[in-house]
Amino acid sequence: MKPTKMKSSGELEEYIAELKEQLKQAKLDKREALAREQKQAREWRTDLAHTLGETVLTVTGCDWTRLDLEALREWLLDHAGEMQALLVGPERTPEEAHDALIAFRRGQAAEAKQETQQAEVDAPQEDAPAAGPTEPENNTEASATDAGGTAIPTTDSVTADGNDNETQDTPWTPQGESWQPQQGWN
């Protein structure tokens, strides 16, 4: 065995001072890490509260201004036991909980997108072209026609005076025998 060199008291004092400095730095690092973790947890709890609020509004089908918060609180308190049994899952880390929140939001977004697409499919088509024969123009595109079969000018080719010279973007609608601009357009 190799004999260990005995350190002098001065060397040990330096070593102790160095360890104290390392300990002090480790405590500062720990404090900073704790502050970061607390800030992240607050942000994630805020995200959760926002998502829960949106879910409540969606489920109740009301605007946030009409939601009776006191009634909601009372209902939640009355059903707390049932909800805890149904809604509280196993322990997980904040990161796992945040990942679950993101997945939940993505699922909600996908459902909302599907509902929007279905509503668009189910909605009556107001922008459908007028029924009746269409006549191709010189550029081989079909133009809309009125019930009499005459070509209806497009909105971007009619001026306020009714001339078809493509100088003004004024939307027009047929009213009686003449064309009139839609109200509210200047």
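Keep in mind it's a predicted model, so treat the numbers as computed, not measured.

Visitor: Hey, could you run me through the pattern of salt bridges in this one?
Guide: Close approach of charged atoms lets side chains of opposite charge pair. Going through the model one piece at a time under the given rule, you end up with two salt bridges. As a salt-bridge pair, aspartate 47 and arginine 105 come within 3.6 Å of each other at their nearest N and O atoms. Taken as a pair, aspartate 47 in helix α1 (residues 9-60) and arginine 105 in helix α4 (residues 94-122) lie far apart in primary sequence, 58 residues in all. Aspartate 47 sits in the partly exposed class, given a relative accessible area of 28%. Of the residues examined, arginine 105 reaches a relative accessible area of 32% and is grouped as partly exposed.

Visitor: In this structure, what is going on with a negative patch on the surface? I would like to understand it.
Guide: Among the surface-exposed residues, Glu37, Glu95, Glu96 and Asp99 lie close enough to one another that they form a single negatively charged patch. Ranked by the residues each element gives to the negative patch, the list is headed by α4, at three residues. Mapped onto the fold, glutamate 96 is located in helix α4. According to the relative accessible area criterion, glutamate 96 is partly exposed, its value standing at 43%.

Visitor: Just checking my understanding: could you explain α1 for this structure?
Guide: Each α-helix winds once per 3.6 residues, and so residues spaced three or four apart point in a common direction. Over its 52 residues, α1 runs 75 Å from end to end, which matches the ideal 76 Å to within 8%, given 1.5 Å per residue. Buried within α1 we find Trp44, Thr51 and Leu57. Buried residues in α1 make contact with α4. Directly beyond the C-terminal end of α1, a positive phi value near 70° is found at glycine 61.

The rules behind each value
Residues numbered from 1 in each chain as written. Predicted model: local features only at pLDDT ≥ 70, side-chain atom pairs only at ≥ 80, totals over all residues. Heavy atoms only, no water. Salt bridge = Lys/Arg side-chain N within 4 Å of Asp/Glu carboxyl O. Helix = DSSP H or I, 4+ residues; strand = E, 2+ residues; numbered from the N terminus. Buried < 20%, exposed > 50% of the residue type's maximum accessible area, 1.4 Å probe, protein only. Patch = residues over 30% accessible without salt bridge, like charges linked within 9 Å, V, L, I, M, F, W, Y side chains within 5 Å. Areas by Shrake-Rupley, 256 points an atom, 1.4 Å probe, with all protein chains shown as cover. Lys, Arg positive; Asp, Glu negative; His and termini not counted. Charge placed at Lys NZ, Arg CZ, Asp CG, Glu CD. Expected span 1.5 Å × (residues − 1). Contact = heavy atoms within 4.5 Å.

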